[in-house]
Each structure stands twice: as C-alpha cells, then as structure tokens.
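Residue-level structural notes
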There are 2 protein chains.
Amino acid sequence: MPAASSPNATIRQVAELAGVSLMTVSRAVKQPQQLAPETLERVRAAMDEVGYVPNMAAVSLRLAQTRLVAAIVPTLATHVFDAMLAKLTAELAREGYEVLIGQTQYQPGREVDLIRTTLGRRPDGILLAGSVRDKAVRSMLSASGVPVIEAGDLVRNHLDMAVGMSNEKIGAAACSYLAALGYRRLAVFSGNDDRAQRRNRAFAREAQRRGMPVPHVVEVPPPTSHALGRELMAQLLARGPQVDAIYCGSDMAAAGVLTESRERGIAVPRDIAVMGTGDTDFAAALFPALTSVRIDGARIGEVAAGMFLDRFAGRPLPRRAVDVGFTIVQRESTAAPAATAP
Amino acid sequence: MPAASSPNATIRQVAELAGVSLMTVSRAVKQPQQLAPETLERVRAAMDEVGYVPNMAAVSLRLAQTRLVAAIVPTLATHVFDAMLAKLTAELAREGYEVLIGQTQYQPGREVDLIRTTLGRRPDGILLAGSVRDKAVRSMLSASGVPVIEAGDLVRNHLDMAVGMSNEKIGAAACSYLAALGYRRLAVFSGNDDRAQRRNRAFAREAQRRGMPVPHVVEVPPPTSHALGRELMAQLLARGPQVDAIYCGSDMAAAGVLTESRERGIAVPRDIAVMGTGDTDFAAALFPALTSVRIDGARIGEVAAGMFLDRFAGRPLPRRAVDVGFTIVQRESTAAPAATAP
DNA sequence: TTGTATGCGTTATCAC
DNA sequence: GTGATAACGCATACAA
C-alpha cells in the first residue's frame, strides 16, 4: 500500500529512498531492462511508496517535446467535432500523446489569442478545425515550425497538412441532390462563418448551373440552434419567397424548421423538404427523420492522428491532404415528390 | 512584419537581438512597467521579430504551477459535459488557465491510467465528472495534493470539493413527477454506471414508498443511444410488463423510445409517457417534445471554475460542496392523463 | 533601471 | 550495471 506518499514526489526522493542515483530511477522508468532485476525492484518499490509520477514539465523542457497535441475547435457542442476529438484523443493516447483542447466559441478574435497561448505549451502538433484564414495566425503558426493540420475543411492552400472534405462540394452536392428529387425553389439557412459561406456559394452556383431560380440564402452568426431554425422558418413563411426545399447548415437548425413546420400544419416533405448538415446523432430521431449530409468526424480524427504520428516518427507522409468525403443520408424529410400522377 | 522568426524562439535570442539581459526580457513580459520605456520598446520589437512566446514548460518548472486544469469526463458526446467544459474553459481562460480534457469513454480501467498520466502534467486542479469510487484513484489523487472537484454527482464523502446534484434526488423526483401525473406502472431505461444505478434505486424506492408497483428497471452498458432506446422499447412491448410511463437515463434513449412508439402506432403521451434526463438541446426538437430532467452543465462549470480560482488564489471557500440542483422541464411527452371523464 | 547567479526536475552523455 | 555532470528555458533573490 502506498503509505506516506508525498505530494509531487520527485525523482530525487525516489533515488534517496531506494539508495540509488537519479539516473537509475530515470532508467527504471524509461529503460527498465538496463537495470539489474534486484535494483529495478527496489526502485519500483520506492516509486510506489512515494507515488512517483514523472513531471512532464521537466521532461518536456529536457527533451524539447511535450507529447501534447493541441486541438482548436469552435465548440464542443457539435457532433462532428466531438467524434473527431474522441478518435484523435484515443489514437494519440496509444502513443503517449495527450490532447489539449481549445474552444473559440466562433469568436474570430479569440482564435489568435488562443493560438498564442497554445504555442506557449509547445505542442508537438496543432490541429485546427477549419482552415486558417487570418494572416497573423498563419504566420504565427508557420513561424513556430509546429506540424499543423487543418481539419474538416479541405482548401487548396493549406498551411501544412489537411484532412477533411470540400465544403464547396458539399454545397454543390446538396443542391444537386434536391434538384434530382425535383425540388426547384430552394432556400438555405446557415451560419455566416467562412466554411458555411463557401458551402452556400457553391450551392447557389450549382442552382444557377442547372438553370434553377436563385436560392434564398439566409446566413446568421453561429452557433445555430433549434430556436433559430424555428424563427428563420417563421420569417420565411411570413415574408419570404415560396420555396419547396430548405437546406440547413446544421441539423439543429433543420430540427427547428421541422418543428415550426409541424406547428403550422405544413407537411414535411409533402409541402416542403428539409435537409441538414452533420448527420448528428439525433437526426434519425427527429420526426420526420432528417436527411442530412453525413461528415465522418471519427474518420477525420483517425486520419489526423495518423498524420501526426507519421510526422512525429519522421515517417514520410503518404499525402499531405486527405479528402475523407461525405455522404448524403436520405431519410424521410426529403422523400421524392409524388411521381407524375396517372 | 515578423521577418525571420525562428521556431520556438527563446528568451535568450530575444535578449541578444535587443541587446539586453535575459531578465530584462522576462520583465518585459511580466512587469513591463519596471522597464524604461525605450528599453521596453526595443525588447518588444525583438519579441515580435522572432515571434517569441514564453515556454510554459520552463515557466511551470520554475514556478511549480502549470496554469493547467485537467478535466476528466466519460465522453464529450453528452450535452451536460459539453456545456460544463465550455463554461469551465471560458471562466478559467480569463485568469490564464487552460483545460486539459481526458475522456474515459466509460471504461473504468482507463480512468486510473488517465489520472496517472494527467498527474504527470502537474495540473493545478483536477475536475472529475462523477464521483471517484476506485480506491487506487482516490489515494493517488489525495496523495498528489492537487485540488480535486468531483462534478455532477454530489455524494457525501467527496474527496475534496464537489459540485453537482444528487442523483438520488433526481431518481426520486422523476418518480414523484410521474406519480403526480397519475402514472403508476413505471419502467426505467438507463446505463449501468454508478450514477445511473443510484438514480434508479432512488426511483424504485420512491415508487415503493408510494405504494406503487415495483418499476421495471433495465440497465445496460453506456453510452446509450437512439437505437438502444428503440430496441429496449421493442423488447418491453414484446415481453415486458404493461407500463404507462418510461423514465430514461438519457435523452437519446428517450428519443429512441419515441421513435419506436410512433412506428408501432403507440401514442405518446396518451398510451405511454416518456421522460428523459439531461434536457439535451434536441429534447425540444423531438416529436412529441420530450419532458426531461434538466441539469445545468454550464452552471456546474461556472461554480467549479469559481472554486478552483478561489483555491488557487488562496481565498477561503464559501462551501466545499455546492448543490446546483436540477429541474424537470415538462413538455409534450408527459402531458397529464385525461382528467376523469364527466 | 538593469544584470548575475542559482535552481526548478529531468535526461543525454560520458565515465567508471 | 551504475553514477556524475551538464543543460533544457525561465523567474526569484540579490547585487550593482
């Protein structure tokens, strides 16, 4: 039983207790096979007795590596990010790395501060949800020399490494999907962050390409919510154009559209189709079940972890940018319009 | 413009560039007012030029404090934890603390390893979602001398500090709530983790106290899901006892119960009432909107942050245990049974 | 107002 | 197989 264990025991206390030098204790942790079995046992007993855990601040300082990976996300309250972080954390943990999570809460100014603070921790790698647009941030990051992964938004001029999917392709695919089902008067509800805007522009371009009416696009500051979806839907009905399908930048907003429609006696998808983004866990639980663009957060996290580990080990990277794609999960909220009547 | 900034510049490089000593640079960061304005400006220019950010590993080692708070949660994919972590992170960030998040993924064995690894980072504080039951973990933590907050589960014998609510009270309240609405044949679906089990036992005790039939309790390994809720509901209908209300340990499971009921033509709440736990953001978006036990994760995070900051600053704690309570948010899934017919 | 010496806890290196 | 030494980057204490 660990008896008198003192707070934050150091390698020195263990050494004195075991009657060996500092290096012997260090080796007992890092290269146990180098020690005589009897010595090893004595050192281990001493470590247990004082509850010794190596101080990573000292290790980091000495080795110039922290075994820390920083991940910066807008919010934790989004399924894609959760799944990504969970997988990233789990995969990196196998190799002894920990993940330091920072949240910007969608405040652009916060990102610079956060990255500066984060760089102070000298992480071995930094993952950023989304692409880095801010000039200052870009130069800070590249100057730091830290491996950087931009995740979830595959842009051409990524800083270092990237994994994710093209938001432009998502926008175009969403539009094509609705068009193929016969919907023509489209609306888009989404956040006004960079990714969403690029998605929406691609959506509109695709509509134009197909000779459809210009989509009615409404962009608001994120995060989007159920209440927001309801409100936007109410506004659309009150004074918006006639539409037969709505593409939402988040599933929560889409859920709000479903609720508001139901309360007003508008049948989905008969009167109007609704589609979300993210394929959140609750998408299938809504009524009607929500069609959504599925983004595999876990896959993103897995690929990102692999890239980091390759890089840390000095292995050559197969690719510096990985497209994990996306899929559209069709559910009840966008069933095809009735076939031409007999 | 930061020109030739080198990776991980040190205080020495800045000093040489500015033609001052190391201490002058250090003071430029920590006590700028002590420097001659002209010197300060020169140092700042040098810092910008090389992109200097202090190495926290060195600072931590020197000061024996890391400005790091570790938070250990079962998963990020739960609204209560998200909200708690978001608030905790935001509040601590104001005072220059960062939050290191660990996830156990509900694997009990993982908790010990995770805490050991975490202790290596010498966090200034540790927050644990849930109470600490494991003997080894308890002694590791108390031996480390780190301030510990057990969050979200208010037990009597907390290790150090605690904030949350009584799961026993939640169970009893859920039962009382359903009983008051006239439901008598109750079922419970939940995870089989410690917190859930204590909640369920209290639920059953309350039913007994009220002279109601013994509730049909089904406990499964977490995490619970929509699919799981559907399956449990299907099983209940196939071979379970007749029930008129179901209390679920999570909103996702409750959502599954709603879906399965709808598919089978069972009307909620007319034929059966459904109630969840957590008041997740999507609870209001379900159909029918889900009655749920609301747990204010943000409030928990806020109180926890306050406790940590008081402790770090050496201020006396008003209370070592704070009950943030809970509320039952009534929605459509548990409307009262029809009044006695005329 | 600015500089020098010292040590935080650990490990690479070299010596025995 | 084990030990002594130096150094990682920074801030406290003290000196100038």
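Note that the coordinates shown come from a computational prediction; the quantities given were computed from them, not determined experimentally.

Describing the relation of the copies chain A and chain B
Least-squares fitting of chain A to chain B yields an RMSD of 0.1 Å, with the transformation described by 0.1 Å of translation along the axis and a rotation of 180°. Taken together, the turn and the small shift mark the pair as related by a two-fold rotation axis.

Concerning the protein's contact with DNA strand D
The local shell around DNA strand D holds 25 residues, among which Thr24(A), Thr39(A), Ile11(B), Ser26(B) and Ala58(B) are the closest. When residues of the surface near DNA strand D are traced back to their parent elements, those giving at least two are α2 (22–30) and α4 (56–63) of chain A together with α2 (22–30) and α4 (56–63) of chain B. In the surface near DNA strand D, the residues fall into 15 nonpolar, seven polar and three charged.

Details of the environment of Pro7(B)
The residue Pro7(B) is located in the segment before α1 (11–18) in this model. Classification of Pro7(B) as exposed rests on a count of 11 C-beta atoms within 10 Å. Separated by 44 residues in sequence, Pro7(B) and Gly51(B) have C-alpha atoms that sit 8.2 Å apart. For Pro7(B), the contacting residues outside a window of four places in its chain are Ala143(A), Ser144(A) and Gly145(A).

Some remarks on the protein's contact with DNA strand C
Around DNA strand C, the structure places 25 residues, and the nearest of them are Ile11(A), Ser26(A), Ala58(A), Ser21(B) and Thr39(B). When contributions to the surface near DNA strand C are tallied by element, the ones reaching two or more residues are α2 and α4 of chain A together with α2 and α4 of chain B.

Here we look at the packing of helix α6 (residues 108–120) of chain A against helix α7 (residues 135–144) of chain A
Residue and element names in this part refer to chain A. Look at α6 against α7: their axes get within 10 Å of each other, and the N-to-C directions meet at 15°. In this view, α6 runs roughly parallel relative to α7, as classed from their interaxial angle. Here α6 runs over α7; the crossing is left-handed. On α7, the residues touching Glu-111, Val-112, Ile-115, Arg-116 and Leu-119 of α6 are Ala-136, Val-137, Met-140, Leu-141 and Ser-144. Residue classes in the contact of α6 with α7 are distributed as seven nonpolar, one polar and two charged.

Quick notes on the interface of chain A and chain B
Each partner contributes to the interface: chain A provides 48 residues, whereas chain B provides 48 residues. The residue inventory of the side of chain A that touches chain B, partitioned by class, reads 24 nonpolar, 17 polar and seven charged.

Details of the domain arrangement of chain A
Each assigned domain of chain A is listed with its residue range as follows: domain 1 (11–54), domain 2 (66–164 + 297–324) and domain 3 (167–294). One C-alpha centre belongs to domain 1 of chain A, the other to domain 2 of chain A; they are set 36 Å apart.

Looking at the sheet that holds strand β8 (residues 245–248) of chain B
All names here are of chain B. As summarised here, the arrangement of the six strands in space is β7-β6-β8-β9-β10-β12, forming an open sheet in which the pairing is mixed. Since the sheet does not close on itself, it has two edges, and those belong to β7 (216–220) and β12 (327–329), each with one partner. With direction set aside, neighbouring strand axes in the sheet form an average angle of 20°. Bridge count for strand β9 (residues 273–278) against strand β10 (residues 291–294) is four bridges, and the pairing is parallel. Residue Gly-278 lies in a different strand from β10, and its bridge partner there is Arg-294. Sheet strands in contact with helix α11 (residues 251–263) are β6 (186–191), β8, β9 and β10, and its direction is about 160° off that of β9.

Quick look at the nonpolar core
Within the largest apolar cluster, 206 residues are counted, with the highest numbers of intra-cluster contacts made by Val274(A), Ala304(A), Val274(B) and Ala304(B). Excluding residues within four positions of it along the chain, Ala304(A) makes contact with Leu88(A), Leu127(A), Ile149(A), Ala151(A) and Val163(A). Residues Met56(A), Met56(B), Ala57(B) and Leu61(B) belong to the second largest nonpolar core, which totals five residues.

With respect to unusual backbone geometry
Of note, the amide linkage connecting Pro222(A) to Pro223(A) takes the cis form, showing an omega dihedral of 0°. Structurally, Pro223(A) is set in the loop between β7 (216–220) and α10 (226–239). Between Val268(A) and the following residue, Pro269(A), the backbone shows a cis peptide bond with an omega angle of 5°. Mapped onto the elements, Pro269(A) comes out in the loop between α11 (251–263) and β9 (273–278). Even without being glycine, Gln105(B) reaches a positive phi, approximately 50°. Summarising the element assignment, Gln105(B) is placed in the loop between β2 (98–103) and α6 (108–120). Backbone geometry at Tyr106(B) places phi at a positive 65°, although glycine is not the residue there. Taking the number of C-beta atoms within 10 Å as the measure of exposure, Tyr106(B) has 15 and is therefore partly exposed.

So, the sheet that holds strand β6 (residues 186–191) of chain A
Residue and element names in this part refer to chain A. Reading across from one edge, β7-β6-β8-β9-β10-β12 is the order of the six strands in this open sheet, with mixed pairing throughout. Two strands lie at the open edges of the sheet, namely β7 and β12 (327–329), each paired on one side alone. Across the sheet, the axes of successive neighbouring strands diverge by a mean angle of 20°, strand direction being ignored. Strands β6, β7 and β8 (245–248) of the sheet are contacted by helix α9 (residues 194–209), whose axis makes an angle of about 170° with β6. Taken strand by strand, α11 contacts β6, β8, β9 and β10 (291–294), and its axis lies near 160° from that of β9.

Cut-offs and rules
- Residues numbered from 1 in each chain as written.
- Chains lettered and ligands numbered in written order.
- Predicted model: local features only at pLDDT ≥ 70, side-chain atom pairs only at ≥ 80, totals over all residues.
- Least-squares fit on C-alpha atoms with pLDDT ≥ 70 in both.
- Near = placed C-beta within 6 Å.
- Helix = DSSP H or I, 4+ residues; strand = E, 2+ residues; numbered from the N terminus.
- Nonpolar A, V, L, I, M, F, W, Y, C, P; charged D, E, K, R; others polar.
- Buried ≥ 20, exposed ≤ 12 C-beta atoms within 10 Å, placed from the backbone.
- Contact = placed C-beta atoms within 7 Å.
- Axes fitted to C-alpha atoms, helices over the stretch in contact; angles between N-to-C directions.
- Parallel < 35°, antiparallel > 145°, perpendicular 65-115°, else oblique.
- Left-handed = near helix turned anticlockwise from the far one by under 90°.
- Domains from an automatic or database assignment.
- Pairing = 2+ DSSP bridges.
- Core = buried A, V, L, I, M, F, W, Y, C linked by C-beta atoms within 7 Å.

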